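# Chains, contacts and geometry: an overview
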Amino acid sequence: MRHGPLGEKPHPHKGRTKDGLAGGEVVARVLDETWSDPPGFLGWFCAVNHKAIGRRFLVTCLVFFALGGLLAATMRMQLSRPGNTLVGPDLYNQIFTMHGSTMMFLFAVPVFQAVAIYLVPLMVGARATAFPRMTAYSYWIFVFGGVMLYGAFFVNAGPDAGWFSYPPLAGPEYGAGKRSDIWAQMITFTEVSALLDAVIIICTVFKMRAPGMTLNRIPLYVWAMLVVAFMILFAMPAVALASSLLIMDRLVATHFYNPGEGGDVLLWQHLFWFFGHPEVYLIFLPGLGMISAMIPTFARRPMFGYTAMVLSLIATGFLSFGLWVHHMFATNVPELGKTFFTAASMLIAIPTAVQIYCWIATLWTGRLNFKVPLYYVLSFFVILVIGGMTGLMLASVSLDSQVHDSYFVVAHLHYVLIGGAVFPLFGALYYWYPKFCGHLMSERLGRWSFWLMFVGFNVAFFPMHILGMNGMPRRVYTYPAELGWGTLNFVSTLGAATLAIGIFLTLVNALRSARHGEAAGADPWGAGTLEWLAASPPRTCNFAALPVVHGRDPLWQGVPAGQVDHVCGLAADVREVLCTTVADAKPDSRMIFPEPTPAPFVAAVATTVLFVGSIFTPWAVVWGSIPLAIVLVWWFWPSQREAEEELALESTEELRAEQA
Amino acid sequence: MNPGVHDMLSAWGPQAGHVAWLWNVFLAICTVVFVALMVALFMALRRAPRIDAPEPPDLGTVNVPEPRLRRSVATAAAITILGLLALLVASVFTDRALARLPLQDAVNIQVTGHQWWWSVKYVDGAVSETFETANEIHVPVGRAVVVQLAAADVIHSFWIPSLAGKRDLIPGRSATLAFRADQPGIYRGQCAEFCGLQHAFMAFEVHAHPPAEYERWRRLQVATAAEPAEAQAQRGKQLFQSVSCAMCHTIQGTLAQGKKAPDLTHLASRRTIAAGTLPNTAGNLASWIADPHRHKPGVTMPAIPMSGEDLAAIVAYLGTLQ
Amino acid sequence: MKGRLAGLLLVAATLAACEREQRHFAAETQNATGGETAVRRSTNQPGMALGGMVKLADRNISMYDDNAYAVNEGKRLYRWYNCSGCHANGGGSIGPALMDSQWVYGSDPRSIFDTIVQGRPNGMPSFGGHIPEDQVWRIVAYVRSMGGGLRTDVAPSRTDSLYPGKPENFRSPQPAIQKGASQAELALEPR
């Protein structure tokens, strides 16, 4: 009997029960037991199951969406009449900064990461995400960042320099107090969370796919999240750097953005927009992935042009890094350089156009099942394309010189973000709700919600195109009556109210359907991808036996005669995971995953103390590192039990080899 | 008071005119594309049969090429590329046209953006002919105007929609904007880069005059402030120089030589006060001086407690500054 | 017990944040100096000289010591009204240094206010009637920050200009010597 290097002995009884369909429900229950999180209040802080984390992450993001929406409602109320005094300039500046920061950093990117954390393992046939404890940590650090931001807002210390926080306005001389420091640290929190989630997605997709799921067979939604994850790795560090330099300027009097001492105000803009442009594609691409997941289901045929779609996703992700100067067309960067970015900004329309044509081709040759998710998907075509057209207008240097920083841009950005991300997200919520909850959402309420959202959105944001061309700048807390902007602003506010009601109806729908919705089986939509193989909601272990995949739509294409349809042999009473090769998903190795632990939560608390402390004193970086280091050592300390389990599994293998 | 023209599609000069032309090109092409796409989508939705429940999927296309669809998508992509090229060419042509504004005999102005007002300095001719004003730019019709843009504190943006596109004023950097007004009139402008508490009320006006009228205006501006005739205005002048006003404002020809606030030497000749926020009337002036924060909360000008007669005297004096 | 302490700290931090981040625009009525009137002690005045007395500070409280925005405004006004013309950026030139521990006429808020408003012999102009009282109080708060006297989170940071010294939020607090020491007495003390 093998012993470990420190004398560990194999676990006396673990490792004997194996997964697979042969053991039936008994083994499946053992698997569920193995992969579950501890119960109770304290157990809630120890959770590492990806579905638990994905659920709470999704709900948290939707809460931030609601808060951002309330802020928007306040803005629309203030702007509904000229000379309105509902909100003064200081509070308004905080409100629009909080609205932008919430939507961009606390909702738009994290919500798609939350959905990915839930869905990607199910879609690729795995039982967990890679690095479960890191997944938990990324959630906690995200929540603490958001709580810090809103806590500051409630004590009048909310950032007030815009979600893009340009110095010198956000700098030490013109940004008195701690407001912009809070903003900069919120960036640090959310950027760490996003980077960690990106690593998790990449490793899950590359190394934990079901056997047989070659790169050529990965669902398009998973491809989209993979491209997004790679983009995050390159984009987030730019904003982390920019915000760290800003904090240093404000806290310890460095001169990065101080022209008086050789710094450059434009350095901020370059660093921020180098992140900021890919950021909007980080928001857009998951929406594209979701549409690619839903259209085949509701058109009853596989997606047309899979290869073109994948290449378009990758091209969009890559090209998005070459556009950032189009946010700076009004500055004094050289004119010829600006024209290059015009060309690049137009070029990126091509892969998106190819995707749209492939979707239309799929719809054209399919049979359409008109359910609520399809409504949301179809509205994407209308809204996103309008946003894309205005985007082309903004891409032109000359045209942008007129409409930059006016309500035309506000209209454009909401058309692309709400049309390209929020509507597909809502469609996805209706689509995957049965998988999350085991019930279907009400079709009738869903249709009402959809139409109110669609009409409300267009009434709210289309007039803003005209307002911008009529000269109304952005970020103004009020405007003079004589300019005639009052009517369109009032109409826009009415539209916003309608949109809000529509969104509220979906919330009502979701809450009601959790109890009273029609029960859904494993695959209520008749879809083809692997997540619909699991139960609704999925069992804790996702799959009692890991499936083997033979096509892009495994549930549709089934298993060719004489081929294997599942693998078995992983331990059922140990958290054993199958790792497969990157390109062809051949079984490669087996790993033991960690047990639930409170270490991620405690580490997040220690990190929060460090980050929040460094808003007030640079010494916090030094002193705050000590508890964090201690927690990290505790987190990564090798586990005796894991060594025992590994040895137990090794001995059962040896036994089997001997017996063979 | 009628505001000046403030609309990018009401183009009263060649710069705004070029952009308005480009807008029409973009609008036309983008509308055609959008309509075509909607027609395609609509046709797809019409053609495809409706089903109510998930029927077995059509797997006939798995690993089978679909040449017709492939051709359609490729054609559509090719047309897209051509359309984008057309837009790119139109855009580049407009960029060139904007850069080619003839600048002979241009009027040279230096505009500095402050939180939350514009200082305007005319720098043509001998140094003794230069003068400074605030928030109101007068230009001759038919002559180019070259504006040097500088920022005193944070980033601002100089935007007159009916005359030209905008340009940012960035601390530590200088930028230039050239435009020409081809018709007499009043054109409104506004700051277009978020600059703090009163970004919403940082407007200015461009008045375009026939050349003779412009010359008359210019000569009036070069002169120092007139000596007030009647007693109340004279007392107002004494007060202006002795209480807080002179700490920040300049009135040429008096002891008020503060450099931190708008030059008021010819305040009475302007249409608006407080950077386009209020029409320039005695009542508004009195209300503004008594408490600027009632109109623009957060502005750098403080409320100065003074008696009613003192305020009236100062307003009377300011009213003489043609 | 620990929970209560944590709660108290949180409340304290919250209240501190509340006041630090307030933007006071209008002149505070508490600033209204109903205090005694006094003669100006300097013939220097900016602009055109005003006759008559000036009002001294009513209370010895610096309203803006906890307000980052107001102290920052004070820093701006210090520059705009050219205090730096004589006091440089705190190191002093013609006028005495304001960032060290030597205070000729006192370092408490009332003394600084009175000094600015009345003026002082040997060059300090009399700003009473020229600078509105509320702005004087902001300058008072800023002057008190120059020697590191204000909390680090309230004191202003660097300006966007060329300045080699430490910003106010990085200066160590200078304990002030007794107020009202005469210049002659000071001349005998080693620098």
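Let us look at the structure shown here. (Residues numbered from 1 in each chain as written. Chains lettered and ligands numbered in written order. Predicted model: local features only at pLDDT ≥ 70, side-chain atom pairs only at ≥ 80, totals over all residues. Heavy atoms only, no water.)

## Focus: the overall build of chain C
So the rule is basically this: Runs of H or I in DSSP of at least four residues are treated as helices and runs of E of at least two as strands, each being numbered from the N terminus. Working definition: with a 1.4 Å probe on protein chains only, accessible area under 20% of the residue-type maximum means buried, over 50% means exposed, and in between means partly exposed. Contacts: residue pairs with any heavy atoms within 4.5 Å of one another.
If you tally the helices and strands in chain C, you get six helices and two strands. Written out in order from the N terminus, the α and β elements of chain C read α-β-β-α-α-α-α-α. In chain C, which comprises 191 residues, the share counted as buried stands at 49%. Contacts in chain C between residues far apart in sequence, at least 24 positions, make up 67% of those at least 6 positions apart.

## A few points about the packing of aromatic side chains
Under the convention used in this document: Geometry of aromatic contacts follows a simple scheme: Phe, Tyr and Trp rings, the Trp one being its six-membered ring, pair when their centres are within 6.5 Å, and the pair is stacked under 30 degrees between planes, edge-to-face over 60, tilted otherwise. Only when the NZ of Lys or the CZ of Arg is both within 6 Å of the ring centre and within 35 degrees of the ring normal is a charge said to sit over the ring.
Per the counting criterion, the structure on display carries 80 aromatic pairs over all chains. On the numbers, 5.4 Å between centres and 65° between planes, the contact of A:Phe298 with A:Trp525 is edge-to-face. Of this pair, A:Phe298 sits in helix H8 (residues 265–299) while A:Trp525 sits in the loop between helix H16 (486–516) and strand S2 (546–547), placing them 227 residues apart in sequence. Accessibility expressed as a relative area gives 0% for A:Phe298, which makes it buried. For A:Trp525, a relative accessible area of 7% corresponds to the buried category. Aromatic pair B:Trp118 and B:Phe158: ring centres 5.7 Å apart, planes at 80°, arrangement edge-to-face. In this pair, B:Trp118 is assigned in strand S3 (residues 117–122) and B:Phe158 in strand S7 (residues 156–159), connecting sequence segments 40 residues apart. Its relative accessible area of 0% is what places B:Phe158 among the buried residues. Above the ring of C:Trp80, the side-chain terminus of C:Arg76 is found at 4.4 Å from the ring centroid.

## Description of the interface of chain A and chain C
So the rule is basically this: When two parts are brought into contact, each loses some accessible area as probed by a 1.4 Å sphere; the total of that loss over both is the buried area. Salt bridge criterion: a side-chain nitrogen from Lys or Arg within 4 Å of a carboxyl oxygen from Asp or Glu. As used in this structure description, the phrase polar contact means that two N or O atoms lie within 3.5 Å; if the pair is within protein, one of them must be able to donate a hydrogen and the other to accept it, and residues adjacent in sequence are counted only when both atoms belong to side chains. Only Asp, Glu, Lys and Arg are considered charged, only Ala, Val, Leu, Ile, Met, Phe, Trp, Tyr, Cys and Pro nonpolar, and every remaining residue, Gly among them, polar.
Contacts between chain A and chain C engage 26 residues on the former and 24 residues on the latter. Taken together, both faces of the contact between chain A and chain C bury some 2000 Å²; the carbon and sulfur share is 51%. The largest contributions to the chain A side of the interface with chain C come from A:Val155, A:Glu173 and A:Ala176, which together make up 28% of the buried area. Where chain A packs against chain C, one counts four salt bridges. One salt bridge in this structure joins A:Arg179 and C:Glu21, with 3.5 Å as the shortest N-O distance. Where chain A packs against chain C, one counts 13 residue pairs in polar contact (both at pLDDT 80 or more). Ranked by residue count, the leading element in the side of chain A that touches chain C is helix H7 (residues 220–252) of chain A, at four residues. Split into classes, the residues belonging to the side of chain A that touches chain C amount to twelve nonpolar, six polar and eight charged.

## With respect to the interface of chain A and chain B
What counts here: Two strands pair under a simple rule: DSSP has to find at least two bridges between them.
Taken together, the contact between chain A and chain B spans 89 residues of the former and 86 residues of the latter. Summing both sides of the interface, chain A and chain B together bury roughly 7400 Å²; the carbon and sulfur share of this comes to 69%. Broken down residue by residue, the surface that chain A buries against chain B is led by A:Trp364, A:Gln402 and A:Met469, which jointly contribute 11%. Counting every contact that joins chain A to chain B gives 25 residue pairs in polar contact (both at pLDDT 80 or more). Element by element, the count of residues in the side of chain A that touches chain B is highest for helix H11 (residues 349–364) of chain A, at eleven residues. Residue composition of the side of chain A that touches chain B, grouped by class: 53 nonpolar, 22 polar and 14 charged. Relative to strand S1 (residues 50–51) of chain B, strand S1 (residues 368–369) of chain A is paired through two bridges, and the arrangement is parallel. Its bridge partner lying in S1(B), A:Leu368 is registered against B:Arg50.

## Some details on the environment of B:Ala151
In this fold, B:Ala151 is placed in strand S6 (residues 144–151). Classification of B:Ala151 as buried rests on a relative accessible area of 16%.

## Things to note about the pattern of salt bridges
Within the structure shown, the criterion is met by 43 salt bridges over all chains. Residues B:Asp182 and B:Arg180 are paired through a salt bridge, measuring 2.9 Å at the closest nitrogen-oxygen approach. Residue classification places B:Asp182 among the partly exposed positions, given a relative accessible area of 31%. Each of A:Asp90, A:Asp160, A:Arg179, C:Arg20, C:Glu21, C:Arg23, C:Asp66, C:Arg151 and C:Asp153 takes part in a single network of salt bridges with overlapping partners.

## Quick notes on helix H4 (residues 89–124) of chain A
Residue and element names in this part refer to chain A. We count it as follows: Helix span is expected to be 1.5 Å times the residue number reduced by one. Bend angle per residue: angle between axes fitted to the 7 residues ending at that residue and the 7 residues starting there.
Given a rise of 1.5 Å per residue, 36 residues ought to cover 52 Å, and the 50 Å separating the end C-alpha atoms of H4 matches this to within 8%. Considering bend angle alone, the principal kink of H4 is centred on Pro 110 and spans about 35°. Taken across its 36 residues, H4 has 35 buried, putting it largely inside the fold. Trailing H4 by a residue or two, Gly 125 shows a phi angle of about 80°, which is positive.

## Regarding the nonpolar core
The following threshold applies: Definition used in this section: a nonpolar core is a set of buried Ala, Val, Leu, Ile, Met, Phe, Trp, Tyr and Cys residues joined via side-chain atoms within 4.5 Å. In this document the domain limits rely on a domain assignment from an automatic tool or a database.
Ranked by internal contacts, the top residues of the largest apolar core, which has 324 residues, are A:Tyr221, A:Phe381 and B:Phe158. For this core, the domains that each give at least three residues are domain 1 (14–99) and domain 2 (231–319) of chain B. Apart from residues lying up to four places away in sequence, A:Tyr221 is in contact with A:Phe112, A:Val115, A:Ala116, A:Leu119, A:Val120, A:Met123, A:Pro286, A:Gly289, A:Met290 and A:Ala293. Membership of the second largest hydrophobic core comes to 32 residues, among which are C:Cys83, C:Val117, C:Trp137 and C:Val143.

## Description of a nonpolar patch on the surface
All names here are of chain A. Keep this limit in mind: Patch membership requires more than 30% relative accessible area and the absence of a salt bridge. Residues of like charge join within 9 Å; the nonpolar side chains Val, Leu, Ile, Met, Phe, Trp and Tyr join within 5 Å. Working definition of accessibility: Shrake-Rupley area with a 1.4 Å probe, residue cover restricted to the visible protein chains.
There is a patch of nonpolar side chains on the surface, built from Trp 619, Val 621, Val 622, Trp 623, Ile 626 and Ile 630 and spanning about 660 Å² of accessible area. The topology assignment puts Ile 626 in helix H19 (residues 619–636). Overall, the relative accessible area of 44% leaves Ile 626 in the partly exposed class.

## Some remarks on the sheet that holds strand S8 (residues 167–169) of chain B
All names here are of chain B. Basically, it comes down to this: Whenever a helix is involved, its axis is fitted only over the stretch in contact; in every case the axis is a line through C-alpha atoms, and angles between N-to-C directions fall within 0 to 180 degrees.
Across the sheet, five strands lie side by side as S5-S11-S10-S7-S8; this open sheet has mixed pairing. Each edge of the open sheet carries a strand with a single partner, namely strand S5 (136–140) and S8. Across the sheet, the mean angle separating the axes of adjacent strands is 25° when strand polarity is ignored. Pairing between strand S10 (residues 185–191) and strand S11 (residues 203–209): six bridges, direction antiparallel. Within the sheet, the bridge partner assigned to Arg 188 lies in S11 and is Glu 205. In this fold helix H3 (residues 211–222) packs onto S5 and S11, with an angle of close to 135° to the strand it touches most, S5.

## A closer look at unusual backbone geometry
Cis geometry marks the peptide bond from A:Pro167 to A:Pro168, where omega comes out at 0°. Residue A:Pro537 is bonded to the preceding A:Ser536 through a cis peptide linkage, with omega at -10°. Along the chain, A:Pro537 falls in the loop between H16 and S2. Backbone geometry places B:Ala274, a non-glycine residue, at a positive phi of 60°. Looking at the secondary structure, you find B:Ala274 in the loop between strand S12 (272–273) and strand S13 (278–279). At B:Ala275, a residue that is not glycine, the phi angle is positive and equals roughly 55°. For B:Ala275, the location among the structural elements is in the loop between S12 and S13.

## Here we look at the sheet that holds S6(B)
All names here are of chain B. Strand order across the open sheet formed by five strands is S4-S3-S2-S6-S9, with mixed pairing between neighbours. Strands at the two margins of the open sheet, each flanked by one partner only, are strand S4 (131–134) and strand S9 (175–180). The average angle at which neighbouring strand axes cross in this sheet is 25°, direction not considered. Sheet analysis places S3 next to S4, joined by four bridges and oriented antiparallel. Note on S4: the bridge partner recorded for Val 120 is Thr 133.

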